[in-house]
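# Observations on the model geometry
Single-letter residue listing:
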Amino acid sequence: MIRDFANAANRYRFRLAHDKSGNPRLQETLQKVGIFWVLSFRKQQTPSPTTDGTSVIPSPTPSKLNTTTNTTTGSKVDLVSEGIDGPPEEEREGFGNGVEFVLTCLGLAVGLGNIWRFPMRAFENGGSAFLIPYLSCAFLFGFPAVYFEFLTGQYNGKSPPVIFRRVMPFLEGVGWMGVFVAALVAIYYIVIVSWISIYIVNIFRGDFNIWNKCDNPWNQMETCIDMLRQKECRVDHPPGWENATAKMIPEKMFFINGTCMDAKKFDGIEMLSATEQYFTRHIIDPSTGLYDFSGINLPILAAMTICWVLTALGILKGAKIMGKISYVSVLLPYFIVVVLFVRGVTLPGASDGLYYYFGKPDYSKIFLTRTWTEALKQLCFSLSVGHGGLISLSSYSRKNNNVFKDALIVIIGDTVMSLVGGAAVFSTLGFLANQRGVQVPEVVKSGFSLAFVVYPEAMTQMPLPWLWSFLFFLMLFLLGASTEIALVDVFCSCIYDQSPKYRKKKWVVVTVWCFLLYCIGLVFSTNAGLYWFEMFDEYAAGFSSVCAVVGELLVMMYVYGFRNVRNDITEMLGEPKNKCTKAIGPHSWYFTANWMGIAPVIAAFLVALSFLRDYPYNGDANKYPIVFDILGWFVSFLPVLMIPLFMVINYIRCRQRGNTVKSLFMLQKQHVSYRRIAKNFDADRQAQQAQLPDKEPWDEDSDEESRKGASGDVEVATIDVSSSTHQTY
């Protein structure tokens, strides 16, 4: 109630100060209403007598909701203790409820990699035995990293660059690293969504009836294998060999041009299935190499354009609409994957596929470094840690929200999607192997081939192929679109926080940013687009995202201080309720030790491994020349370069504002916990802190404009949007 009176009084004061109509009656009315709210507020502050005759003023629990920042002085003002002398709180739009926040984070974490990347990693690294390193890495790295990013974003209520700038301006670039990782991933990730959207459109055009046939205009007949009839080559007298004896029939044959042909005749020739030629020759149609741009692939260009427009529209509506969208974009894929799983396990041969997926554990793989490396890479790729997205999304969450529980839900939801999605895929692969008359390993392909080649072929052989094809690609589209929206929104949130001028013009920020990324990604719509896509996919996220995680952990645990981090947890979630929650709950010392040592070491290990690559890429120097790897490493280091870049930028800002260089290495007054931490400073430290700037650099112009806009003799307390410490709901 006290906060409501304070906010109301401030709103009327602000309106009075900024009224430019010159209407004296309106100003008189505003003054009277403002006085009413002031008196009402003071009445609420009237001390109440107690049983011993003393008077007590109620004091709410301190939180971000009770504080704001005065942009005239730059100092934080406690609305409870200082009444209405502070400016009105900035209302930052947040999620409608905790469920929407969790679903949106799941939309970022659960993506396409859960469907085609995880099952392949499990298959190649010991089957069900792969769960041992995977779950171990989830406990040692995945869950602590997600919890850390949720905690950092929610407590500070700001985007990553602002958070790390307030810890130490010289290290603001650490926050920008994750932002640019998200941007690089968003540039090429939308290409996959575009391919998926083309498949969805083509399903309605009836292509599900022809993408597994070799008599289409895009097919190369002499190298196209008709997989629907491939099983006819495994009978006693296959087509073309009716009069041959058993000894004359080759061991391996391909069904080509209506007959079975000896596979030895095609040694050294790349043979492709009909569905693979549909994808490579009809959908993406690649050129001969990285430099051969040839022309524009118009369907991909059109699909990318539409997908970028939809992405921009999804971001423009803000966190509340993103939360509402997540009910469909996140929950529907879970429903679809369960439907596909149920359908898959009822198909002939499904048990064979599931056996190769999880029923054939190879525990010897556990002792190989490669297995643990693949588990770590899968976790980083799937959970999107180090992308800035989890910090940015959690900054819109309520301060007292249980981020520990939310992090646990995200980890469980991500793992369930991987396991169930993998089971759905491998049961279908078992069916496909049964139809072809081969073993499951012969139909297993990794990456895009699984989604765009193998799975479409399998669904064509099911009853109602259009239905299962549509459900599969709809699921992929929703998973990809929800991730893309969250990735693009990271940078936009940073601009809102650091540019009061554009905070009320979100459409400008979103439109310009999406258009810029769209223009950069136009290279993917050329005939050389596949090779540039593979370069981004190989280099954009792995190295730089792990570097971002290492930087975040080191800054928060050693510069900001692990004791301050633990106090932040207590301030948000309260004291542990019992010994059990203290030992294994959000306050556990395990997480402190993990963030200080275990997680940074694991992440640094991944950084070192990222330098171990084979050159040239895929062993093909013609398609992937040395420039492929040079540009790839340049893309990898772009986010890392943000650290020295913003060191220089903040040094220049410091000198222009007349501040001491020491201020670049000190906790800033605008930090959420500054007042709590400053109480423990000695006299010398307090004297140094007193020289810190009262405002963020981007607030100065905004303050000047607000003062110029004030009329009459009214004393104005201007709104400081970027320095306000939290959003209200």
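Along each chain, numbering runs from 1 in the same order as the chain's sequence is written. In keeping with the model being predicted, local features are shown solely for residues with a pLDDT of at least 70 and side-chain atom pairs are shown and tallied solely at 80 or more, while totals for entire chains, interfaces and linings include all residues. Think of the side-chain values as coming from all heavy atoms in the structure, minus any hydrogens and water.

## Observations regarding the packing of helix H16 (residues 403–436) against helix H17 (residues 448–460)
Where H16 contacts H17, the two axes come as close as 9 Å, and the packing angle between them is 55 degrees. One element, H16, and the other, H17, form an angle in the oblique class. Crossing angle aside, the handedness with which H16 passes H17 is left-handed. Contacts between H16 and H17 involve Ala424, Val425, Thr428, Leu429, Phe431, Leu432 and Arg436 from the former and Leu450, Val454, Tyr455, Glu457 and Ala458 from the latter. Its residues assigned to classes, the contact of H16 with H17 shows nine nonpolar, one polar and two charged. Structural elements are reduced to axes, namely lines fitted to C-alpha atoms, with helices fitted over the stretch in contact, and the angle between N-to-C directions of any two is expressed from 0 to 180 degrees. Elements are defined by DSSP. Helices are runs of H or I of four residues or more, strands are runs of E of two residues or more, and each kind is numbered from the N terminus. Working rule for angles: under 35 degrees goes down as roughly parallel, over 145 as roughly antiparallel, 65 to 115 as roughly perpendicular, anything else as oblique. Here a crossing is called left-handed whenever its near helix is offset anticlockwise from the far helix by less than a right angle, and right-handed whenever the offset is clockwise. Note on contacts: a residue pair qualifies if any of its non-hydrogen atoms lie within 4.5 Å across the two residues. Gly counts as polar in this scheme, as do all residues outside two lists: the nonpolar Ala, Val, Leu, Ile, Met, Phe, Trp, Tyr, Cys and Pro, and the charged Asp, Glu, Lys and Arg.

## A short note on the state of the cysteines
Here, two cysteine sulfur atoms that lie within 2.5 Å of each other are counted as a disulfide. Going through the model one piece at a time under the given rule, you end up with two disulfides. The partner cysteine of Cys214 in its disulfide is Cys224, sulfur to sulfur 2.0 Å. Across the S-S bond of Cys214 and Cys224 the torsion is about -75 degrees, and the bridge reads as left-handed. Taken together, the positions of Cys214 in the loop between helix H8 (172–204) and strand E5 (224–225) and Cys224 in strand E5 put the pair ten residues apart, joining distant regions of the chain. Linked covalently through their sulfurs, Cys233 and Cys260 form a disulfide whose S-S length is 2.1 Å. Residues Cys233 and Cys260 share a disulfide whose torsion about the S-S bond is about -100 degrees; that sign makes it left-handed. You can see Cys233 sitting in the loop between E5 and strand E6 (253–256) and its partner Cys260 sitting in strand E7 (residues 259–262), a full 27 residues away along the chain. If the cysteines joined by disulfides in the protein are listed in sequence order, their pairing comes out as 1-2, 3-4.

## Structural notes on the nonpolar core
Nonpolar cores were defined as sets of buried Ala, Val, Leu, Ile, Met, Phe, Trp, Tyr and Cys residues, with membership established by side-chain atoms within 4.5 Å. Each residue's exposure class comes from its accessible area (1.4 Å probe, protein chains only) as a fraction of the maximum for that residue type: buried when under 20%, exposed when over 50%, partly exposed otherwise. Counting residues in each nonpolar core, the largest one holds 191 residues, and the members touching the most others are Trp195, Phe452, Phe472, Phe473, Phe524 and Trp595. At 23 residues, the largest contribution of residues to this core is made by H8. Ignoring anything within four residues of it in the chain, the contact list for Phe452 reads Trp116, Ile192, Trp195, Ile196, Tyr199, Thr275, Phe279 and Phe473.

## What about the packing of aromatic side chains?
Each Phe, Tyr or Trp ring, with Trp reduced to its six-membered ring, pairs with another whose centre is within 6.5 Å; inter-plane angles below 30 degrees give stacked pairs, above 60 give edge-to-face pairs, and intermediate values give tilted ones. Counted according to the given criterion, the structure contains 59 aromatic pairs. Ring plane angle 35 degrees and centroid distance 6.1 Å describe the contact between Phe130 and Tyr134, whose orientation is recorded as tilted. Owing to a relative accessible area of 0%, Phe130 belongs among the buried residues under this scheme. We count a charge as sitting over a ring when the NZ of a lysine or the CZ of an arginine lies within 6 Å of the ring centre and within 35 degrees of the ring normal. Between the NZ or CZ atom of Arg117 and the centre of the ring of Phe381, over which it lies, the distance is 4.4 Å.

## Some details on the UniProt feature "binding site: Na(+)" (unreviewed entry) in the protein
UniProt positions are given in the numbering used here, feature names are shortened, and annotations may be inferred rather than shown by experiment. UniProt marks Gly107, Ala109, Val110, Asn114, Ser382 and Leu479 with the feature "binding site: Na(+)" (unreviewed entry), using the numbering shown here. These annotated residues cover 373 residues of sequence, and their C-alpha atoms lie no more than 11.7 Å from one another, placing them together at a single site. If you take the residues mentioned a moment ago, the ones lining the largest cavity come down to Ala109, Asn114 and Ser382. Positionally, Gly107 belongs in helix H3 (residues 98–109). With a 1 Å grid laid over protein atoms only, a set of points is called a cavity when a 1.4 Å probe fits there but cannot get out and a pocket when it is open yet has protein on both sides within 12 Å along at least five of seven lines; lining residues have an atom within 4 Å of a point.

## Some points on the side chain of Ser544
Structurally, the position occupied by Ser544 is in helix H22 (residues 542–573). Judged by relative accessible area, which is 0%, Ser544 ranks as buried.

## Let's talk about empty space enclosed by the protein
Grid points are joined across faces, edges and corners, and a volume is the space filled by probe spheres set on the points. Under the counting rule described, the total for this entry stands at five cavities of 30 Å³ or more. By volume, the largest cavity is sized at about 150 Å³. Lining the largest cavity are 16 residues, and of these Val185, Tyr189, Phe381, Ser384 and Thr483 sit closest to its centre. Elements represented by at least two residues in the lining of the largest cavity include exactly H3, helix H4 (113–116), H8, helix H14 (369–383) and helix H18 (465–498). When residues of the lining of the largest cavity are assigned to their parent elements, the largest contribution, three residues, is made by H8. Broken down by class, the residue content of the lining of the largest cavity amounts to nine nonpolar, seven polar and no charged. In this structure, the second largest cavity occupies an estimated 80 Å³ of space. For the lining of the second largest cavity, the element with the highest residue contribution is helix H26 (residues 642–656), accounting for three residues. By residue class, the composition of the lining of the second largest cavity is five nonpolar, four polar and three charged.

## Overview of a nonpolar patch on the surface
To count toward a patch, a residue needs a relative accessible area over 30% and no salt bridge; like charges are then connected within 9 Å, while nonpolar side chains (Val, Leu, Ile, Met, Phe, Trp, Tyr) are connected within 5 Å. Residue-level accessible areas treat just the shown protein chains as cover; the underlying method is Shrake-Rupley with a 1.4 Å probe. Salt bridges are counted wherever a side-chain nitrogen of Lys or Arg sits within 4 Å of a carboxyl oxygen of Asp or Glu. A cluster of nonpolar side chains, Ile306, Val309, Leu310, Leu313, Leu316 and Trp507, forms an exposed patch at the surface whose accessible area comes to about 590 Å². The element contributing the most residues to the nonpolar patch is helix H10 (residues 298–316), with five residues. Of note, Trp507 is situated in helix H20 (residues 506–520).

## With respect to H18
Side chains of residues three or four places apart in an α-helix project in the same direction, reflecting 3.6 residues per turn. In a helix, the anticipated span is given by 1.5 Å times the number of residues less one. A rise of 1.5 Å per residue sets the reference length of H18, with its 34 residues, at 50 Å; its end C-alpha atoms lie 51 Å apart and thus fit the reference within 8%. Residue Val490 marks the point of greatest curvature in H18, where the axis turns by about 30 degrees. When you tally the buried positions in H18, you get 29 out of 34 residues, the bulk of the element. Each residue is assigned a bend, namely the angle between axes fitted to the seven residues that terminate at it and the seven residues that start at it.

## Quick word on the environment of Gly175
Here Gly175 is to be found in helix H8. Sequence-distant contacts of Gly175, defined by excluding residues within four places in its chain, comprise Pro160, Pro161 and Phe164.

## Let's talk about the environment of Gln277
Mapping Gln277 onto the fold places it in helix H9 (residues 274–284). Here Gln277 falls in the buried class, since its relative accessible area comes to 0%. Counting along the chain gives 53 residues from Gln277 to Cys224, while the straight-line C-alpha distance between them is 7.4 Å. Beyond its immediate stretch of four places on either side in the chain, Gln277 contacts Trp218, Asn219, Gln220, Thr223, Cys224, Leu272 and His282.

## Here we look at the confidence of the model for the protein
Per-residue confidence from the predictor is given as pLDDT, running between 0 and 100. Across the protein, the average pLDDT comes to 81, with 82% of residues at 70 or higher. Scored below 50 in pLDDT, residues 16–22 shows 19 contacts in the model against residues more than four places distant or in partner chains. Within the model, pLDDT remains below 50 along residues 710–729, and this stretch shows 79 contacts once partners closer than five positions in the same chain are excluded.

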